[in-house]
Amino acid sequence: MSDLSQAAPPLLGSSLLASAKAHEKARPLPASSGSATVDQNALDGGFRYGEITSIAGASGTGKTLLAYHAIASHLLTHEVGEVAFIDTTGSFSPLRLRNALAYRLEAKIQRNSYQESGYMYEKRTSALENSKETMIEEATSMLDRVKVMRVFDLAGVVEAISEVNGLTEEIAPKFETPAVVVFKKRRVEIGDSEEELDDEDEELQAEPWRESVNLHDSQGIEPHSGPIGMIIIDTITNVVSTMMAKSQTQGQALLASFLRSLRHLTSRHHICTILTNAAVGISSPNNPELRHGSRENVSIFSSTMGKPALGKMFTFLIDTSIFLSTVPKTSDDATIAFGDGGEASSYQKAHILEVLKDRCGTREGRWAAFEITAEVNIAPSG
């Protein structure tokens, strides 16, 4: 009988408990979304390290802004921490991220410039009042710890992730049939992800299903101790939908292999990984289908249509699935939005963040309302 057919030896529950405690102790505190209301009511503290979080929603619902605030939280909390921002759409805005950082710096200074005196709070006379220019300058300097990479396909995404972490575990996707993700122990320089793969990589093309190796099965690889603690992919939809348009089966297989490996990488190195995702099934708010007929609705709000893109398999392969939407702010706004003849664009909206799925089960079904003010401020919905 071959050794491969022998069952793995059992593990003691006590040893697994000790390992789990050590892993949990090493995990940093969650990264704030920029809103205490959202953190407390929906996210149980914020975006967790060691997990993959997907933020899905239609355009303008605040996906990228939440990611920017998560970046600001990471940079403000970890003085030497760095962020990898992988841009697949060319929409990264350094100005907007800098303004979000400056806003968070201003809020931090305001919190620290008051002290309790009896039953009252008085402003500390010794508190350093930074000017707007000083905060902008400090926020600009913090951008030096954000590594932005423009990629065009999934091959570029995985090469970028490997390169910025300086890892020996490399993901080298091949798009021949059948499509898989193959891991190699080598360094890869980030190049143009649209270039054709060289013929020198012939060893990856021979029986890829059998030769592929999962990241968690690699032996003798030391954990990464670099400064990258957060990975943002904005958006994952672009690079995946292109593959699925060519071949649904191969695209799903490649996505599944990539997400399993990314999840292990995220958990092993306590990285906060955030993927922004599009929404599908969005219709006009005053569409008759909203009031009549059956439809699939993932939201707890009956007026919210749509669901995260990339299908159910994508949801099962990540840790937390968040869905963003907008709803009428008041009853008068609802009348305008859903009444006959109303102008759907003329009513006020409140943004809703819902946790559709949580692998731990502690946040599933929770939600919070917020508003976006001054372009970068995430405030409670009044």
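About the cut-offs
- Here, residues in each chain are numbered from 1, in the same order as that chain's written sequence.
- Residue-level local features of this predicted model are given only where pLDDT is at least 70; pairs of side-chain atoms are given and counted only at 80 or more, and the full residue set underlies all totals for whole chains, interfaces and linings.
- The basis for the side-chain values is all heavy atoms of the structure; hydrogens and waters are excluded.
- At least two DSSP bridges between two strands are needed for those strands to be called paired.
- Runs of E in the DSSP output that reach at least two residues are strands. Runs of H or I that reach at least four are helices, and both are numbered from the N terminus.
- Only the stretch in contact is used when a helix axis is fitted, and all axes are lines through C-alpha atoms; the angle between N-to-C directions ranges over 0 to 180 degrees.
- By definition, residues are in contact when any of their heavy atoms lie within 4.5 Å.
- As a working rule, the residues Ala, Val, Leu, Ile, Met, Phe, Trp, Tyr, Cys and Pro are called nonpolar, Asp, Glu, Lys and Arg charged, and the rest polar, with Gly in that last group.
- Partly exposed residues are those whose accessible area sits between 20% and 50% of the maximum for their type, while under 20% is buried and over 50% is exposed, using a 1.4 Å probe and protein chains only.

Chemist: Where do I start with the sheet that holds strand 12 (residues 320–328) in this structure?
Modeler: Two pairing modes exist for strands in a sheet, parallel and antiparallel, and in both the strands are linked by backbone hydrogen bonds. Taken in spatial order, the 9 strands line up as 5-2-8-9-1-12-13-14-15 in an open sheet, and their pairing is mixed. Strand pairing shows two members of the sheet lacking a second neighbour, strand 5 (146–150) and strand 15 (377–380), which therefore form its edges. Averaged over neighbouring strand pairs, the angle between their axes works out to 25° when direction is ignored. Where strand 2 (residues 82–87) meets strand 5, 5 bridges bridge the pair, whose relative direction is parallel. The partner of Asp 87 across the bridge, within strand 5, is Arg 150. In the packing of helix 2 (residues 36–43) onto the sheet, contacts are made with strand 12, strand 13 (349–358), strand 14 (367–373) and strand 15, and the angle to strand 14 comes to roughly 160°.

Chemist: Sorry if this is basic, but what is going on with the packing of helix 8 (residues 236–246) against helix 9 (residues 248–268) here?
Modeler: Helices that pack against each other are described as a pair by the angle of their axes relative to one another and the distance between those axes. The interhelical angle for the contact between helix 8 and helix 9, taken along N-to-C directions, is 145°, at an axis separation of 6 Å. Here Ile 236, Val 240, Met 243, Met 244 and Lys 246 of helix 8 come into contact with helix 9, specifically with Gln 248, Gly 251, Gln 252, Leu 254, Leu 255 and Phe 258. Looking at the contact of helix 8 with helix 9 residue by residue, the class counts come to 7 nonpolar, 3 polar and 1 charged.

Chemist: Hey, could you run me through the environment of Leu 259 in this one?
Modeler: Its location among the elements puts Leu 259 in helix 9. A relative accessible area of 0% places Leu 259 in the buried class. Once the C-alpha coordinates of Leu 259 and Leu 317 are considered, the two residues, 58 residues apart in sequence, prove to be 6.3 Å apart. Among all residues touching Leu 259, those that are not within four sequence positions of it are Ile 52, Leu 275, Phe 314 and Leu 317.

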